[in-house]
Protein chains: 2
Amino acid sequence: MEKLIDERREIYLEQLFTLLRQKSISAQNIGILETATMLRGMMEDIGINARLIETDGHPVVYGEVIRHPGAFTLLIYGHYDVQPAELADGWNSPPFEPTIRDGRIYCRGAGDNKGQLMAQLMAVKTYLDVRHSLPINVKFMFEGEEESGSPNLAVFVEQHKELLACDLVYTSDGPLHETGLPMVVLGVRGMLYVELSCQTSKWDNHSGNKGNIVPNPAMRLIQLLASMRDGEDGRVLIDGFYDNVQEPTEAERAHLRQLPYDNAQAGRQAGYEELDMDAETYYRRLMYEPTLNICGFSSGYSGEGSKTIIPAKATVKMDMRLVAGQDPDDIYQKLCAHVARHAPGVEVRHLGDMKPSRTPVHHPLVQQVIAAVESAYRQPPVVAPALGGSLPDYVWTQILGVPSVLVPYANSDEANHSPNENIGVENFVNGIRCACHVIDRIGR
Amino acid sequence: MEKLIDERREIYLEQLFTLLRQKSISAQNIGILETATMLRGMMEDIGINARLIETDGHPVVYGEVIRHPGAFTLLIYGHYDVQPAELADGWNSPPFEPTIRDGRIYCRGAGDNKGQLMAQLMAVKTYLDVRHSLPINVKFMFEGEEESGSPNLAVFVEQHKELLACDLVYTSDGPLHETGLPMVVLGVRGMLYVELSCQTSKWDNHSGNKGNIVPNPAMRLIQLLASMRDGEDGRVLIDGFYDNVQEPTEAERAHLRQLPYDNAQAGRQAGYEELDMDAETYYRRLMYEPTLNICGFSSGYSGEGSKTIIPAKATVKMDMRLVAGQDPDDIYQKLCAHVARHAPGVEVRHLGDMKPSRTPVHHPLVQQVIAAVESAYRQPPVVAPALGGSLPDYVWTQILGVPSVLVPYANSDEANHSPNENIGVENFVNGIRCACHVIDRIGR
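Residues numbered from 1 in each chain as written. Chains lettered and ligands numbered in written order. Predicted model: local features only at pLDDT ≥ 70, side-chain atom pairs only at ≥ 80, totals over all residues. Heavy atoms only, no water.

## Section: the overall build of chain A
For chain A, the count of helices and strands is 14 helices and 19 strands. For 444 residues, the compact-globule estimate of 2.2 N^0.38 gives 22 Å, and the C-alpha radius of gyration of chain A, at 24 Å, lies within 12% of that figure. Projected onto the principal axes, the alpha-carbon positions of chain A cover approximately 85 × 50 × 45 Å. Residues classed as buried in chain A amount to 60% of the 444 residues present. Here the analysis covers contacts within chain A between residues at least 6 apart in sequence; of these, 78% occur between residues at least 24 apart. (Helix = DSSP H or I, 4+ residues; strand = E, 2+ residues; numbered from the N terminus. Rg over C-alpha atoms; globule rule 2.2 N^0.38 Å. Buried < 20%, exposed > 50% of the residue type's maximum accessible area, 1.4 Å probe, protein only. Contact = heavy atoms within 4.5 Å.)

## Focus: the interface of chain A and chain B
Taken together, the contact between chain A and chain B spans 71 residues of the former and 72 residues of the latter. Together, the buried faces of chain A and chain B total about 5500 Å²; carbon and sulfur atoms form 53% of this surface. A per-residue breakdown of the area chain A buries against chain B is headed by N212, I213 and E232 of chain A, which together make up 13% of the total. On inspection of chain A and its partner chain B, the count reaches 4 salt bridges. (Buried area = accessible area lost by both parts, 1.4 Å probe. Salt bridge = Lys/Arg side-chain N within 4 Å of Asp/Glu carboxyl O.)

## Structural notes on unusual backbone geometry
The residue after D112 of chain A, namely N113 of chain A, is reached through a cis peptide bond having omega 10 degrees. Turning to its location among the elements, N113 of chain A is positioned in helix α4 (residues 110-131). Its identity is not glycine, yet N420 of chain A carries a phi of approximately 60 degrees, on the positive side. Among the secondary structure elements, N420 of chain A is positioned in the loop between β18 (404-406) and β19 (422-424). At H417 of chain B, a position not held by glycine, the phi torsion is positive, near 70 degrees. Position of H417 of chain B relative to the elements: it lies in the loop between β18 (404-406) and β19 (422-424).

## Notes on the side chain of Q120 of chain B
Along the polypeptide, Q120 of chain B turns up in helix α4 (residues 110-131). Sequence-distant contacts of Q120 of chain B, defined by excluding residues within four places in its chain, comprise I76, Y170, S172, Y409 and A435 of chain B.

## A short note on the packing of helix α12 (residues 364-377) of chain B against helix α14 (residues 425-443) of chain B
Residue and element names in this part refer to chain B. Orientation of α12 relative to α14, taken along the N-to-C sense of each, is 140 degrees, at an axis distance of 8 Å. As judged from the angle between their axes, α12 and α14 are oblique. Considering only the axes of α12 and α14, their crossing is right-handed. Contact with α12, carried on its side by Q368, V369, A371, A372, V373, S375, A376 and Y377, involves N430, G431, R433, C434, H437, V438, R441 and I442 of α14 and no other residues of that element. Grouping the constituent residues of the contact of α12 with α14 by class yields 9 nonpolar, 5 polar and 2 charged. (Axes fitted to C-alpha atoms, helices over the stretch in contact; angles between N-to-C directions. Parallel < 35°, antiparallel > 145°, perpendicular 65-115°, else oblique. Left-handed = near helix turned anticlockwise from the far one by under 90°. Nonpolar A, V, L, I, M, F, W, Y, C, P; charged D, E, K, R; others polar.)

## Here's the deal with the domain arrangement of chain A
Residue and element names in this part refer to chain A. Here the domain parsing of chain A yields domain 1 (2-188 + 357-442) and domain 2 (190-246 + 288-354). Measuring from the centre of the C-alpha atoms in domain 1 to the corresponding centre in domain 2 gives 39 Å. With 9 residues of domain 1 at the interface, the matching set in domain 2 holds 7 residues. If you sort the residues of domain 1 by the area they bury against domain 2, R358, P385 and S390 come out on top, with a joint share of 61%. The tally of links from domain 1 across to domain 2 stands at 0 salt bridges. Summed over the shared surface of domain 1 and domain 2, the number is 2 residue pairs in polar contact (both at pLDDT 80 or more). When its residues are assigned to classes, the side of domain 1 that touches domain 2 shows 5 nonpolar, 3 polar and 1 charged. (Domains from an automatic or database assignment. Polar contact = N/O pair within 3.5 Å; in protein donor to acceptor, adjacent residues only side chain to side chain.)

## Brief notes about the relation of the copies chain A and chain B
Mapping chain A onto chain B is achieved by rotating through 180 degrees and translating by 0.0 Å along the same axis, at an RMSD of 0.0 Å. The two molecules are tied by a two-fold rotation axis, judged by turn and shift. Taking C-alpha positions as the reference, the residue of chain A nearest the rotation axis is S298 of chain A, at 2.3 Å. A shared interface surface links the copies, since 100% of the contact residues of chain A are contact residues in chain B too. (Least-squares fit on C-alpha atoms with pLDDT ≥ 70 in both.)

## Quick look at the sheet that holds strand β15 (residues 347-354) of chain A
With respect to topology, 8 strands assemble into an open sheet ordered β15(A)-β10(A)-β14(A)-β12(A)-β12(B)-β14(B)-β10(B)-β15(B), the strand pairing being antiparallel. Sheet topology places β15 of chain A together with β15 (347-354) of chain B at the edges, where each strand pairs with a single neighbour. Strand-to-strand twist across the sheet, computed as the mean angle between neighbouring axes with direction ignored, equals 15 degrees. Relative to strand β14 (residues 313-322) of chain B, strand β12 (residues 293-300) of chain B runs antiparallel, the two being bridged by 6 bridges. For N293 of chain B, the partnering residue across the bridge sits in β14 of chain B and is D319 of chain B. Strands in contact with helix α7 (residues 217-227) of chain A are β10 (190-199), β12 (293-300) and β14 (313-322) of chain A together with β12 of chain B; relative to β14 of chain A, the strand with the most contacts, it is inclined by about 20 degrees. (Pairing = 2+ DSSP bridges.)

## Description of the environment of R67 of chain A
Residues and elements named next belong to chain A. With respect to the helices and strands, the residue R67 is situated in the loop between β2 (60-65) and β3 (73-79). Residue R67 is classed as partly exposed on the basis of its relative accessible area of 48%. The spatial distance from the C-alpha of R67 to the C-alpha of S133 is 7.5 Å, given a sequence separation of 66 residues. R67 has contacts with S133, L134, P135, I136 and N137, leaving out every residue within four places of it along the chain. Side-chain polar atoms of R67 contact the side chain of S133, separated by 3.5 Å.

## Examining the pattern of salt bridges
Residue and element names in this part refer to chain B. In the structure shown here, the tally under the stated rule is 52 salt bridges over all chains. One salt bridge connects D440 with R131, and the closest N-O pair in it is separated by 3.0 Å. One end of the pair, D440, is in helix α14; the other, R131, is in helix α4, and 309 residues separate them in sequence. Assessed through its relative accessible area of 41%, R131 is described here as partly exposed.

## Looking at the packing of α4 of chain B against α14 of chain B
Residues and elements named next belong to chain B. Interhelical geometry of α4 versus α14 gives an angle of 55 degrees and a closest axis separation of 8 Å. Relative to α14, the element α4 lies oblique. The interaxial crossing formed by α4 with α14 has right-handed handedness. Each of G115, M118, A119, Q120, M122, A123, V124, T126, Y127 and R131 in α4 lies in contact with α14, whose residues at this interface are F428, G431, I432, A435, C436, I439 and D440. Partitioned by chemical class, the residues of the contact of α4 with α14 number 11 nonpolar, 4 polar and 2 charged.

## Observations concerning the pairing of strand β1 (residues 49-53) of chain B
Inspection of the sheet shows β1 of chain B paired to strand β2 (residues 60-65) of chain B by 5 bridges, in the antiparallel sense. Counted as the bridge partner of L52 of chain B is V61 of chain B from β2 of chain B.

## Re the sheet that holds β19 of chain B
One key point about sheets: their strands pair by backbone hydrogen bonds, in either a parallel or an antiparallel sense. All names here are of chain B. The strand order across the open sheet formed by 3 strands is β4-β5-β19, and the pairing between neighbours is antiparallel. Edge positions in the sheet fall to β4 (99-101) and β19, since each has one partner strand and no second. Between one strand axis and the next, the sheet turns by 30 degrees as a mean value, whatever way the strands run. Along the sheet, α14 makes contact with β4, β5 (104-106) and β19, crossing β19 at roughly 65 degrees.

## As for the UniProt feature "domain: Peptidase M20 dimerisation" (unreviewed entry) in chain A
Taking the UniProt record as the reference, the feature "domain: Peptidase M20 dimerisation" (unreviewed entry) is found at residues 188-345 of chain A. Counted over residues 188-345 of chain A, helix gives 32% and strand 21%. Its end C-alpha atoms are 34 Å apart. (UniProt positions renumbered as here; feature names shortened; annotations may be inferred.)

## Some details on the side chain of T397 of chain A
All names here are of chain A. Mapped onto the secondary structure, T397 falls in helix α13 (residues 394-400). Among the residues examined, T397 registers a relative accessible area of 18% and is labelled buried. With residues up to four places along the chain from it excluded, the contact list for T397 reads S357, T359, V402 and S404.

What follows is the structure, given as structure tokens:
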């Protein structure tokens, strides 16, 4: 198979270029149906039984290669929509005309996610052309709204549980580890985003004429927020916040200790050079511990110099990144109860949430995928138990109830969402090889 | 004297109109020297020995009528500068052309402060014309920078202690009590204005990718601010904050209880209808208790919806209104010590301060002034031990070391600093009468 992939390099690139040239900007509803239709055709040409399925938003392109109904089933997830792009944003070549420079394909969607999606399809094509059948069932679900926040994904998965039924979900999105090593990611933190606000007066008051008479809404929020934490970085004091949080096991901690980590570099990347942690602490905090974070606080006067007022209103925006075991609905209730007890007048607005997701490192299927990635790249991948950020991975682990692995193919400087988005030609080809190895290994 | 004032009403109004027509906008440096020169001429015409004295800013117009060097000396303070004004701001008649409508004189400076200043001069003219001499020495100090924050006042007073030496300072500025009753005000709260800021990173970080890794500057300030107060409205916990604050005596509290107070109205005026206080509590908090107030807090994202960041920076602006006995320098040192102990990385910027001032209600001279005001208005004045706000009254009580009383003449809807500034004709005439009564009473 490896030989065939090398021989067909130009043909496979041409397939990708065709897909890249077709705009599919979900936010602007440009070229969505055309792209979905083109993608279905490409899938059918490979021998995948494909169709479009309507949603309340853009259609899903679904496909399958069924060996036999009882066989092991792999569900491959990806997305065919892209971020907006204009030449004037700073592109060095037209954003929808794929251009190779220095071994990279520059085009909107090259890395995110058409290049990675196409690698999966070309792997299946290679496999079928060499072996005439797959050793497992493979299903494909490519959505057209990922760049708009996947507003219909959870409902779609909920409504198509039987169609999507599988043993493992396999996603390729995002970049390899920054060292260039391959990556296997097994989960994400969830999130709850809220806004707390407090209005004490109808207007800002003169701080001399009304000082000590009218309450200060900023100070009310400050006392409330201070009551939520034992000091600046301390334990969160909302009752029951940690109820279902599990400490990492000794095996998990040992795993964290051997993840690549450079404290000085991590500090530079955060613009916080005082950072002082070891690998275990860093990854434990990011992957196994929830956050309670202030994203913004605004009240009263923020211009130059002084203005002597008691503000009428104060608002704070907060996110809580939640780890496996925590549920955003439950945490929201607990937060509301805390607010009601400590500062009854404060309003809570729910601005969004996402459940956390985690697939255990020691799951046998995960070990198969890790072995396949290692054989494809000829070096062991970095295995991250979770990302610090939030993706809708829970739709697989909680709605479908199956393990989910994320194996990214793009280079770490893919510039996704930015001008001059790109994917290395070798990254694309290695992606094809990697998917072949995964299918092959799981099929043994 | 009262009869003469009535007879000369038109003449005295014409004097005021002449002064009002002469622009004197300190912020724009328009007409300052012309006004100071005109004012000196008017004072000389009355028989006051007047001259201009230079400062680092606009000149002071100084004048005196000395009976004999050892006599009781009253220093009358006022200001001849005014706020800017443009017809387009919403004036119903040209802002520098005095216009009488419905018994009020509309003109920039009518209430603040030319009308009140002119009432003092016309009182002295009346007194001299009737009695041929004053029973006391009277000194006048009219500054030209009050509307720009009196930046040179303290230095001027410090440098001219001998010239300004007196037994009592008498100021007419601001309005009568809102009930229409005359007012005698005996002090002001001081102020300290600071900005605290904290930068933890060079840029905003992704709250998922760096959450629990990079410290949150807003939370650092929140914990610091919470440590400054025992609850939202509680005691200030900065060490030594209350060191020199004196509780009001039983006599003072009894005085507060009988000041005019309407809780519902006070609540409406503050846009805070939940206000629930009695007169004593209200005035004690405003006049005898310092504040620690947040004027503004800003950090991170404050737009619509959600943005998931750990802000790089947080800033809070605060003022503390200080009561008699407290010194802003001392409080600033104590604040800095608190910050250094609780949040060493937080920067403190000093943005301004003013010392508090208080003249005791039971001072015999104050009682004389109160009696004079009562006889002029034929009703007892509201005697306020202090204003909640801040004025540079300390230059008299602390630099000159003499008692100071504020007896305003303008109507409470004088619209000072606003379009259609005005003073009632009767307010102007009553001001003349009041000043005559004060000079007469003190001269007995």
